[in-house]
Amino acid sequence: MPIEAYSGGVCSVSSPIVEIEMQAVGGIMSIVLLIGMVGIINNIILSALERKSEIGMMKALGMREWEIVFVFMVEATGIGIFGGLAGCLLGFIGVSWLVNNGLNFTAIYGDWLDWAEYGVPLLDTIYGVWNYPTFSYVFFLGIFVAIVSSIIPAYWAAHKDPVESIYRR
Amino acid sequence: MPLLELKKVKKIYQQGKIEVPALRGVDLTVEEGEFTTIFGPSGSGKTTLLNMIGCLDTPTEGEINLNGNKISDLSKKELAMTRRYNIGFIFQSYNLIPVLTAFENVEFAVRLIGNLSEKEMREKVLNLLKEVGLKGKENRRPGELSGGEKQRVAIARALVKKPKIILADEPTANLDSETAQDVIQIMIKMNEELGTTFIFSTHDPQVMEKARRFINLKDGMISSDKRGK
Ligand SMILES: Nc1ncnc2c1ncn2[C@@H]1O[C@H](COP(=O)(O)OP(=O)(O)OP(=O)(O)O)[C@@H](O)[C@H]1O
Ligand SMILES: [Mg+2]
């Protein structure tokens, strides 16, 4: 019974097909999240680089390194919340569209290919499904990643020699 | 006891295998309330000297006493605290925080001291901005201010915490000569009104002559130290 390999046993009513689907969705989700994380980290590193002389000035004003890191973390939190809200809004629009209109594959493949004939249980049109937990999960994960990934570049920038940061030598 | 005292201060920068001596034994005493200029050719060590005094950098050799503390052997944290409470900086490139308004830039500095109520802080910042001639421009961001105006914000930011000493490295180098005069006049006014000690470096003879003490630096050493009127 090779099909049993797919049942994780978490959800007793789930059919093997649903299990496969869940794994695929999980996989796609992780890739999307990874791309998002790289984007966030990239942004924060660039902003730390760009603001080298600003950070130097903060040091000249007598701010401690952890205080500067804190400023960056607060900023990252703000950006994370904003980005998360914007992302959820876009996701909301996208999913509503998929739920209501669906994605019509006949537009891509044309009529000549009937998936069902080959035993693939696909309809002409794929419809979206609402998955609210994913929205909140991704939202909070985004904020968390933004905060955590701000720490290292912020520390690196705050740790730099103030003279070098101010005079851009 | 003098406010500032340097004894045989040396600074040697290491560039790869080459040693670059930037300061080669500087002895200097500055009393509270002095208005001093440091001048000399490019590369003579003016910036290096100001950075040592300002606790942004530490000497390779020698001793610096500021306000009774031997700063040449303070820890990183203690250096930051000395900067926070006792030293104000003005730089050639203003170094304001671009996303903050003039008011917020000055407020930022006084907030770090944290001994005033919100209302007191607000009054103090507004008053100081008025003193440096920025009344009505409190809510502009640095991008909406001229060079001279930006430097006025920087002066207010340096003064707001009532530091013992203000260090200005070529504060007028990016300004035209007329604006440079305005800025130096504000520094003089603040020195006279608040008694804050100023040390500034400059290449501009017209700015230099406004000082009351003239320290000439050559090849990392003081070659002359004169007092004016
Ligand atoms: N971080 C550094 N690494 C290596 N050498 C340095 C460094 N900073 C300064 N120097 C050298 O130390 C000497 C003094 O430099 P400093 O910047 O103090 O001169 P300055 O009098 O301020 O000159 P300027 O009028 O051009 O601003 C110069 O020879 C300079 O090349
Ligand atoms: Mg210099």
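Residues numbered from 1 in each chain as written. Chains lettered and ligands numbered in written order. Predicted model: local features only at pLDDT ≥ 70, side-chain atom pairs only at ≥ 80, totals over all residues. Heavy atoms only, no water.

1. Observations concerning the sheet that holds strand 2 (residues 18-30) of chain B
In any sheet, the strands associate via hydrogen bonds between backbone groups, in a parallel or an antiparallel arrangement.
All names here are of chain B.
Line of reasoning, step 1. Within the open sheet, the four strands sit side by side as 2-1-4-5. Their pairing is antiparallel. Looking at strand neighbours, the two that pair on one side only are strand 2 and strand 5 (69-70), the edges of this open sheet.
Line of reasoning, step 2. Pairing between strand 4 (residues 61-66) and strand 5: two bridges, direction antiparallel. Bridge pairing links Leu 66 to Asn 69 in strand 5.
Line of reasoning, step 3. Contacting strand 1 (4-15), strand 2 and strand 4, helix 1 (residues 46-53) crosses the sheet at an angle of about 120° to strand 1. (Pairing = 2+ DSSP bridges. Helix = DSSP H or I, 4+ residues; strand = E, 2+ residues; numbered from the N terminus. Contact = heavy atoms within 4.5 Å. Axes fitted to C-alpha atoms, helices over the stretch in contact; angles between N-to-C directions.)

2. Details of the nonpolar core
Line of reasoning, step 1. Counting residues in hydrophobic clusters, the biggest one holds 85 residues, and the most contacted among them are Leu 4, Leu 6, Met 187 and Ile 199 of chain B.
Line of reasoning, step 2. In this view, Met 187 of chain B contacts Phe 35, Ile 155, Ala 168, Pro 171, Phe 198 and Phe 200 of chain B; residues no more than four positions away in its chain are not counted. (Core = buried A, V, L, I, M, F, W, Y, C linked by side-chain atoms within 4.5 Å. Buried < 20%, exposed > 50% of the residue type's maximum accessible area, 1.4 Å probe, protein only.)

3. Points about the site of ligand 1
Line of reasoning, step 1. Around ligand 1, 15 residues are found, and the nearest of them are Ser 42, Lys 46, Thr 47, Thr 48 and His 203 of chain B.
Line of reasoning, step 2. The environment of ligand 1 is shared, with nearby residues belonging to chains A and B.
Line of reasoning, step 3. For ligand 1, an oxygen atom lies 2.4 Å from a polar atom in the side chain of Ser 42 of chain B.
Line of reasoning, step 4. In this structure, an oxygen atom belonging to ligand 1 sits 2.9 Å away from a main-chain N or O atom of Gly 43 of chain B.
Line of reasoning, step 5. Isolated, ligand 1 exposes 640 Å² of accessible area, and the fraction of that covered by the protein chains is 73%.
Line of reasoning, step 6. Of all the secondary-structure elements, those providing two or more residues to the shell around ligand 1 are strand 1, strand 2 and helix 1 of chain B.
Line of reasoning, step 7. Considering only residue class, the shell around ligand 1 consists of four nonpolar, eight polar and three charged. (Near = heavy atom within 4 Å. Polar contact = N/O pair within 3.5 Å; in protein donor to acceptor, adjacent residues only side chain to side chain. Areas by Shrake-Rupley, 256 points an atom, 1.4 Å probe, with all protein chains shown as cover. Nonpolar A, V, L, I, M, F, W, Y, C, P; charged D, E, K, R; others polar.)

4. Structural notes on the confidence of the model for chain A
Residue and element names in this part refer to chain A.
Line of reasoning, step 1. When pLDDT is averaged along chain A, the result is 76; 74% of the residues meet or exceed 70.
Line of reasoning, step 2. Ranking the helices and strands of chain A by mean pLDDT puts helix 2 (residues 52-60) first, with 90, and helix 4 (residues 106-109) last, with 62.
Line of reasoning, step 3. Confidence drops under a pLDDT of 50 for residues 1-14, and excluding neighbours within four residues, the segment shows six contacts in the predicted structure. (pLDDT = per-residue confidence, 0-100.)

5. Side note on the packing of helix 3 (residues 65-100) of chain A against helix 5 (residues 132-159) of chain A
Residue and element names in this part refer to chain A.
Line of reasoning, step 1. Running from amino to carboxyl end, helix 3 crosses helix 5 at an angle of 150°, the nearest separation of the two axes being 7 Å. Viewed along their axes, helix 3 and helix 5 adopt a mutual orientation that is roughly antiparallel. Considering only the axes of helix 3 and helix 5, their crossing is right-handed.
Line of reasoning, step 2. In the contact of helix 3 with helix 5, the residues fall into 19 nonpolar, six polar and one charged. (Parallel < 35°, antiparallel > 145°, perpendicular 65-115°, else oblique. Left-handed = near helix turned anticlockwise from the far one by under 90°.)

6. With respect to the pairing of strand 2 of chain B
All names here are of chain B.
Line of reasoning, step 1. Of the strand pairs in this sheet, strand 1 and strand 2 are connected by 10 bridges, and their pairing is antiparallel. Its bridge partner lying in strand 2, Gln 14 is registered against Glu 19.
Line of reasoning, step 2. Hairpin connection, strand 1 to strand 2: the antiparallel pair is bridged by two residues, and Gly 16 has positive phi, about 65°.

7. Points about the packing of aromatic side chains
Residue and element names in this part refer to chain A.
Line of reasoning, step 1. Throughout the structure, instances matching the rule amount to eight aromatic pairs over all chains.
Line of reasoning, step 2. Each ring, one from Trp 130 and one from Phe 135, has its centre 6.4 Å from the other, and the planes form 40°; the classification is tilted.
Line of reasoning, step 3. On the basis of relative accessible area, Trp 130 is assigned to the partly exposed category, the value being 28%.
Line of reasoning, step 4. With a centroid separation of 5.1 Å and 75° between ring planes, the pair formed by Phe 139 and Phe 140 is classed as edge-to-face.
Line of reasoning, step 5. Using a relative accessible area of 55% as the deciding quantity, one classes Phe 140 as exposed.
Line of reasoning, step 6. One aromatic cluster is present, built from ring pairs that chain together Phe 92, Trp 130, Tyr 132 and Phe 135. (Phe/Tyr/Trp six-rings, centres within 6.5 Å; stacked < 30°, edge-to-face > 60°.)

8. Concerning unusual backbone geometry
All names here are of chain B.
Line of reasoning, step 1. The phi torsion at Lys 8 lies on the positive side, around 45°, for a residue other than glycine.
Line of reasoning, step 2. Mapped onto the elements, Lys 8 comes out in strand 1.
Line of reasoning, step 3. Its relative accessible area of 58% is what places Lys 8 among the exposed residues.
Line of reasoning, step 4. Of note in the backbone geometry, Glu 170 takes a positive phi value of approximately 45° without being a glycine.
Line of reasoning, step 5. Mapped onto the elements of the fold, Glu 170 is located in the loop between strand 7 (165-169) and helix 6 (177-194).

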